[in-house]
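Here's the letter readout for the chains.
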Amino acid sequence: MSLRIVVCVKYVPDATGDRHFAEDLTVDRDDVDGLLSELDEYAVEQALQIADEADSEDAAEITVLTVGPEDAKDALRKALSMGAHKAVHVEDEDLHGTDALGTSLVLAKAVEHVGYDLVICGMASTDGGMGVLPALLAERLGVPQVSLLSEVSVDGTTVTGRRDGDAASEQLEASLPAVVSVTDQSGEARYPSFKGIMAAKKKPVESLDLSDLGIEADEVGLDGAWTKVDSATERPARTAGTIVKDEGEGGKQLAEFLAGQKFI
């Protein structure tokens, strides 16, 4: 039986775009281009490497999973073009405003629907940046989690990995099924080839909604959220800054400026 790997990915607003909040203080995703979260590309790459190291070509099956609007399919297509085998898209109007806790519920139900041995996540999303979803997902699934890995591999029914800290590195392992998250130090994600892009168009993408997963609308969305944004203020425009002209005492002026800003 092949190793069933599910990679959770997110469709996020482009960080280089002009991002802002909508009237309900959720992220306005309509006025900015979206893409597959860069941190999730590392998760897809690690799944592909595990599949590449398997004994045979069909020894591992990779499913990419996302929760989001119609455009979120673009994130799935990117992952499929990298080499994933199939995709699952959870889309429902009642999901608007869902927080991390609600998202973990939806993902857990979807992962159980798909069937899994190993779930791989990025270390955080590039829009929310909370970094708690892998732990929440593992708790809901009732399986062990090994987080923030710089290196990950699977041997039989065990997943192992290395977590790098400021002072030391840890070698960790867990029995499958399990949830792991990987950092941006786990290895550069591969670039989709033309062949991969064309092949992705023929790969299956299953669409699900809340009713398919047995989730009530009041468990998710803004009404079911445990966390909400109460207020937001637009960031002030960047000022011109202070220009120091060196007319013999430039160093002194620079030192006084840095001291005034408490940089020294």
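Up top you'll find the structure we're talking about.
Computed from a predicted model, the values in this text were never measured in an experiment.

Q: So what exactly am I meant to see when it comes to the overall build of the protein here?
A: Secondary structure assignment for the protein yields eight helices and 12 strands. Taken over 264 residues, the protein has a buried fraction of 38%. Contacts in the protein between residues at least 24 apart in sequence constitute 70% of all its contacts with a sequence separation of at least 6. Of the roughly 15,500 Å² of accessible surface on the protein, a fraction of 47% belongs to carbon and sulfur atoms.

Q: Where do I start with the pairing of strand β9 (residues 158-164) in this structure?
A: Looking along a regular strand, one sees the side chains alternate between the two faces of the sheet. With five bridges joining them, strand β8 (residues 151-155) and β9 adopt antiparallel strand pairing. Paired with Glu151 across the two strands is Arg162, which belongs to β9. Between β8 and β9, which pair antiparallel and follow one another directly, the connecting turn spans two residues, one of which, Gly156, has a positive phi of 65°. Direction of pairing for β9 relative to strand β10 (residues 169-175): antiparallel, over a ladder of seven bridges. Note that in β10 the partner of Val159 across the bridge is Ala174. Two successive antiparallel strands, β9 and β10, enclose a turn made up of four residues.

Q: So what exactly am I meant to see when it comes to helix α1 (residues 38-52) here?
A: Each turn of an α-helix holds 3.6 residues, which means side chains three or four residues apart point in the same direction. For α1, with 15 residues, the first-to-last C-alpha span of 21 Å sits near the 21 Å given by 1.5 Å per residue. Taking burial as the measure, the 15 residues of α1 include 12 buried ones, the bulk of the element. Among the residues of α1, those classed as buried are Leu39, Asp40, Glu41, Tyr42, Ala43, Val44, Glu45, Gln46, Ala47, Leu48, Ile50 and Ala51.

Q: Help me understand a nonpolar patch on the surface, please; the structure alone is not making it clear to me.
A: Where nonpolar side chains cluster on the molecular surface, the patch consists of Leu254, Phe257, Phe263 and Ile264 and spans about 440 Å² of accessible area. Looking at the secondary structure, you find Phe257 in helix α8 (residues 250-260). By relative accessible area, Phe257 is classed as partly exposed at 34%.

Conventions and cut-offs
- Residues numbered from 1 in each chain as written.
- Predicted model: local features only at pLDDT ≥ 70, side-chain atom pairs only at ≥ 80, totals over all residues.
- Heavy atoms only, no water.
- Helix = DSSP H or I, 4+ residues; strand = E, 2+ residues; numbered from the N terminus.
- Buried < 20%, exposed > 50% of the residue type's maximum accessible area, 1.4 Å probe, protein only.
- Contact = heavy atoms within 4.5 Å.
- Areas by Shrake-Rupley, 256 points an atom, 1.4 Å probe, with all protein chains shown as cover.
- Pairing = 2+ DSSP bridges.
- Expected span 1.5 Å × (residues − 1).
- Patch = residues over 30% accessible without salt bridge, like charges linked within 9 Å, V, L, I, M, F, W, Y side chains within 5 Å.
- Salt bridge = Lys/Arg side-chain N within 4 Å of Asp/Glu carboxyl O.

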